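Commentary on secondary and tertiary structure
Here is how the chains run, residue by residue.
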Amino acid sequence: MTNMYVLGASAVVALVVACLFILSRCVRYVRNNRVAIVEKLWSRNGSVTSGLIALNGEAGYQPIVLRGGYHFFMPFQYRVHSQPLVTIPQGQIGYVFARDGAPLGPTQTLASNLRTADFLDVRRFLEDGGQKGPQRAILREGTYAINLAQFVIITREHLYGLMLEANDFDLFTNMQRVIEERSGFESVVIKDASDMIGIVTVHDGPALTADQIIAPEVGTDQDDSATFHNSFQDPEKFIAAGGRRGRQLQVLVEGSYFINRLFATVEMVAKTLIDVGHVGVVISYTGDSGADTSGDDYRHGELVDRGTRGVWSEPLLPGKYAFNTYAGKILIVPTTNFILKWDQEMTGQHKFDENLSEVSLITKDAFEPTLPLSVVVHIDYRKAPLVVQRFGDIKKLVEQTLDPMVSAYFKNVAQKKTLIQLLQERSDIQEQAGDQMRAKFTAYNLELQEVLIGTPRAAAGNDQIEKVLQQLRERQVAEEQVTTYAKQRVAAEGEKDLREAQARAHQQTSITESELSITVQENQGKAAVKRAAQEAEQTRTLAKAESDRIRIVGEGEAAKVVALAGAEADRITKTGLATAETIEKQAAASGGAQFQLTRQVIERLAQALETSGVDVVPRVQINTGGDAGAGAGGGALQALIGMLLSEKGMSMLATPAANDRGPVALHDEDAEVAAE
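Since the structure is predicted, the reported quantities are computational estimates derived from the model, not experimental observations. (Residues numbered from 1 in each chain as written. Predicted model: local features only at pLDDT ≥ 70, side-chain atom pairs only at ≥ 80, totals over all residues. Heavy atoms only, no water.)

Side chains of Leu41, Trp42, Met74 and Phe76 sit close together on the surface and give an oily, nonpolar patch of about 410 Å² of accessible area. Along the chain, the position of Leu41 falls in the loop between strand 2 (34–40) and strand 3 (60–66). (Patch = residues over 30% accessible without salt bridge, like charges linked within 9 Å, V, L, I, M, F, W, Y side chains within 5 Å. Areas by Shrake-Rupley, 256 points an atom, 1.4 Å probe, with all protein chains shown as cover. Salt bridge = Lys/Arg side-chain N within 4 Å of Asp/Glu carboxyl O. Helix = DSSP H or I, 4+ residues; strand = E, 2+ residues; numbered from the N terminus.)

Within a sheet, neighbouring strands are paired by backbone hydrogen bonds and run either parallel or antiparallel to one another. Judged by pairing direction, the sheet is antiparallel, and its three strands sit side by side in the order 23-26-27 without closing on themselves. Strands at the two margins of the open sheet, each flanked by one partner only, are strand 23 (338–342) and strand 27 (447–453). Strand-to-strand twist of the sheet, defined as the mean angle between neighbouring strand axes without regard to direction, takes the value 20 degrees. Where strand 23 and strand 26 (residues 373–378) come together, five bridges link them in antiparallel fashion. In the strand pairing of strand 26, Phe338 is matched with Val377. Relative to the sheet, helix 6 (residues 394–415) contacts strand 23, strand 26 and strand 27, its axis offset from that of strand 23 by approximately 55 degrees. (Pairing = 2+ DSSP bridges. Axes fitted to C-alpha atoms, helices over the stretch in contact; angles between N-to-C directions. Contact = heavy atoms within 4.5 Å.)

Before going further, it helps to spend a moment on the packing of helix 6 against helix 8 (residues 426–442). Following both chains from N to C, one finds helix 6 and helix 8 inclined at 140 degrees, their axes separated by 12 Å at the closest point. Regarding the angle of helix 6 to helix 8, the classification is oblique. Between helix 6 and helix 8 lies a crossing of right-handed hand. Between helix 6 and helix 8, the residues in contact are Leu402, Met405, Val406, Tyr409, Phe410 and Val413 and Ile429, Gln432, Ala433, Gln436, Met437, Lys440 and Phe441, respectively. Residue classes in the contact of helix 6 with helix 8 are distributed as 10 nonpolar, two polar and one charged. (Parallel < 35°, antiparallel > 145°, perpendicular 65-115°, else oblique. Left-handed = near helix turned anticlockwise from the far one by under 90°. Nonpolar A, V, L, I, M, F, W, Y, C, P; charged D, E, K, R; others polar.)

Generally speaking, a soluble globular protein has its nonpolar side chains buried in company with each other. Counting residues in each nonpolar core, the largest one holds 43 residues, and the members touching the most others are Phe410, Met437 and Phe441. Taken together, the elements giving at least two residues each to this core come down to strand 18 (278–284), strand 22 (328–334), strand 23, strand 26, helix 5 (384–391), helix 6, helix 8 and strand 27. Sorting elements by how many residues they give to this core places helix 6 first, with 10 residues. Non-local contacts of Met437, meaning those with residues more than four positions away in its chain, are made with Val406, Tyr409, Phe410, Leu448 and Val451. Ile93, Phe238, Leu252 and Phe258 belong to the second-largest nonpolar core, a separate cluster that totals 26 residues. (Core = buried A, V, L, I, M, F, W, Y, C linked by side-chain atoms within 4.5 Å. Buried < 20%, exposed > 50% of the residue type's maximum accessible area, 1.4 Å probe, protein only.)

Turning next to the packing of aromatic side chains. Scanning the entire structure with this criterion turns up 12 aromatic pairs. Taking 4.6 Å as the distance between ring centres and 45 degrees as the angle between the ring planes, the aromatic pair formed by Tyr29 and Tyr70 counts as tilted. On the criterion of sequence distance, the pair formed by Tyr29 in strand 1 (residues 27–30) and Tyr70 in strand 4 (residues 69–72) is long-range, its members being 41 residues apart. Residue classification places Tyr70 among the exposed positions, given a relative accessible area of 59%. Joined through ring pairs, the aromatic side chains of Phe119, Phe125 and Phe151 make up one cluster. For Arg140, the ring lying beneath its charged end belongs to Phe258, and the centroid distance is 3.4 Å. The positively charged end of Arg247 is found above the aromatic ring belonging to Tyr326, 3.7 Å away from the centroid. (Phe/Tyr/Trp six-rings, centres within 6.5 Å; stacked < 30°, edge-to-face > 60°. Lys NZ or Arg CZ within 6 Å of the ring centre and 35° of its normal.)

Attention now goes to the pattern of salt bridges. Inspection of the entire model under this criterion finds 24 salt bridges. Two residues, Arg156 and Glu180, come together in a salt bridge whose shortest N-O distance is 3.7 Å. Highlighted residues: Arg156 in the loop between strand 10 (151–154) and strand 11 (159–160) and Glu180 in helix 3 (residues 168–181), separated in sequence by 24 residues. Given the relative accessible area of 29%, Arg156 is considered partly exposed. Here Glu495 ties to Arg499 by a salt bridge, and the two come within 3.3 Å at their closest N and O atoms. With a gap of four residues between them, Glu495 and Arg499 both fall in helix 9 (residues 464–506), about one helical turn apart.

Despite not being glycine, Asp195 has its phi angle at roughly 50 degrees, a positive value. In this fold, Asp195 is placed in the loop between strand 12 (188–190) and strand 13 (196–202). Its identity is not glycine, yet Phe232 carries a phi of approximately 70 degrees, on the positive side. Along the chain, Phe232 falls in the loop between strand 13 and helix 4 (235–240).

Next up on the list: the confidence of the model for the chain. On average, residues of the chain score 83 in pLDDT, and 85% of them reach the 70 mark or higher. The spread of mean pLDDT over the elements of the chain runs between helix 16 (residues 668–675), the lowest at 43, and strand 7 (residues 94–98), the highest at 97. A low-confidence stretch, residues 655–676 (pLDDT under 50), is modelled with 18 contacts involving residues beyond four sequence positions or located in other chains. (pLDDT = per-residue confidence, 0-100.)

Here the focus is the sheet that holds strand 10. Taken together, the four strands give an open sheet; going across it, the order is 8-7-10-11, and neighbouring strands pair in antiparallel fashion. Unpaired on one side and paired on the other, strand 8 (133–139) and strand 11 mark the two borders of the sheet. When strand 7 meets strand 8, the two strands line up antiparallel, connected through four bridges. The residue of strand 8 that forms the bridge with Ala98 is Gly133. Against the sheet, helix 3 touches strand 7, strand 8, strand 10 and strand 11, its axis set at about 40 degrees to strand 10.

Tracing the backbone shows Ala408 in helix 6. Of the residues examined, Ala408 reaches a relative accessible area of 36% and is grouped as partly exposed. Taking the C-alpha atoms as reference points, Ala408 and Leu361, separated by 47 residues in sequence, lie 9.5 Å from one another.

Right, let's talk about the environment of Gly130 for a bit. Structurally, Gly130 can be placed in the loop between helix 2 (122–127) and strand 8. Judged by its relative accessible area of 1%, Gly130 falls in the buried class. Sequence separation between Gly130 and Asn113 is 17 residues; the distance between their C-alpha atoms is 6.7 Å. For Gly130, the residues in contact, after removing those within four places along its chain, are Gly101, Ala102, Thr116 and Phe125.

This part covers helix 6. Given a rise of 1.5 Å per residue, 22 residues ought to cover 32 Å, and the 30 Å separating the end C-alpha atoms of helix 6 matches this to within 8%. At Leu402, helix 6 shows its strongest bend, of approximately 40 degrees, with the proline Pro404 following within four residues. Between a side-chain oxygen at the N-terminus of helix 6 and the backbone nitrogen of Lys395 the separation is 3.1 Å; the capping residue is Asp393. (Expected span 1.5 Å × (residues − 1). Bend = angle between axes of the 7 residues up to and from the residue. Polar contact = N/O pair within 3.5 Å; in protein donor to acceptor, adjacent residues only side chain to side chain.)

Encoded structure:
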């Protein structure tokens, strides 16, 4: 029974001792993949009077950390906080927040690590003047045994730190989110193929002066190890080189950069690409004020050397440039010919003419067409800065100067031309416009290459111009038809000649035979002609001989006839004279020629009355008085007889013809009178 009590008491004592041993925490085991943060609960040196870490043995968090293994402590004096090792993955960045240290200066955003950046030795960090708050220095890849009571390490996946207050976790989570938004846990990687550059904005350091809008380049000399900050990867050297907060003139090009995003943020922008056929005119917003290099004759502003503020006198030639677009502006100016189109429906490649429209005209004959036109312009690359300095950019030049100048010129031309002239003389107007406007373009440092005029157009709903154009088209169609008909006539004649040639070729044998036949016949005809000529000559000879014979015979006969005729005429003459003398004597014996005539008339009248059956004396006779003897025996008959017996009748009898004919014969009209 006594042994049982002894055993029970021993067990209780052992249990109490074990509990006391555990509660005393005098022995602690730390795994090799963790660290232990020692917190002293009481000390003869009292508590920490300032800060968090007890550097002089005071009660509080101790600067040292315990690594893997067993560790022995004074019972009931220490508390050990086991924490994981800090691990930064490959290619990532860890941010450090110090809970204890010197306070930040008035202009500081991040704690300076100029004198110390040893986050593994808390005592040294604090004794060397390390500052509390977010640090400028960062942690690169690796595993670190860090006192997480003094430092909180922020990575993408973890928050390494001993949370002392209830709101500590929320505080550092917000900080983690801000860094994540800035892509701060990864290095800045700029690839060759991306053609991007990084514009850096620094959030710590002295501020810019009033006349600066961008911080100048500092610490870029690699030979100066004290100030070469290696593209903002060493904030302390950047500050030492005189770097200022704000957007930086220096840019990041291809490569990887481990930059504290709480110190500097990076904005990716495209490189400036200047294609072939273009130059870049730089308008710099930063730098010292430069001297004017434009010369005394140029009165449109100042041109400065590269690196100074203003319009650079030397343009950038074709290529790629890592140009900070916040520090200046590059205006791309085409050096090849470009076309400006005064046409709402069409726009040139460079978009300089996107606000241009057709030129509204009023012609001499009161038509109101709109004229689309194009102007080909060239800018000498050496004069591109002058153009930019004078007009600001090419688009302003086009809209504020060239548009009103060109529009006014063609308005003036249209007022002197009718619509038909405007249409038909387009080539001449175009040539004159090029010659006259070339000098005006030269005054603006431009080279006018060519002016191209389109067809005038009518306003919507107005068909007057279309009617005129239709008339011109119909006129042209008619002229073309005339030409076509002429060509068709020529073609028809050619076809006829072709057909004849083909027929001639087809009938060539017959033609040859007929030609030979014609030749034979011609030869035969010639022979016949020759023969006929010979026969004719023979006939003429015979005929001449015969003619001579007949003539000689005729002459003999003629002489004979003449002789006979002369004898006969002698005879007839003598016979006639004898007959006439006989008749004359007979007439004289009968009462004379007048009596003979009267007798012949009466005989003829009697024969006519007998033949016609006309009464000589009318059956009924009306006498109105006068000579009674005239009514009984005369009238017409008496008048006829009286006429014959007059001198006229005697003259008739006296003519030789009457004497030759013998008794006088009455003419028909005399017979008719006699009949009446």
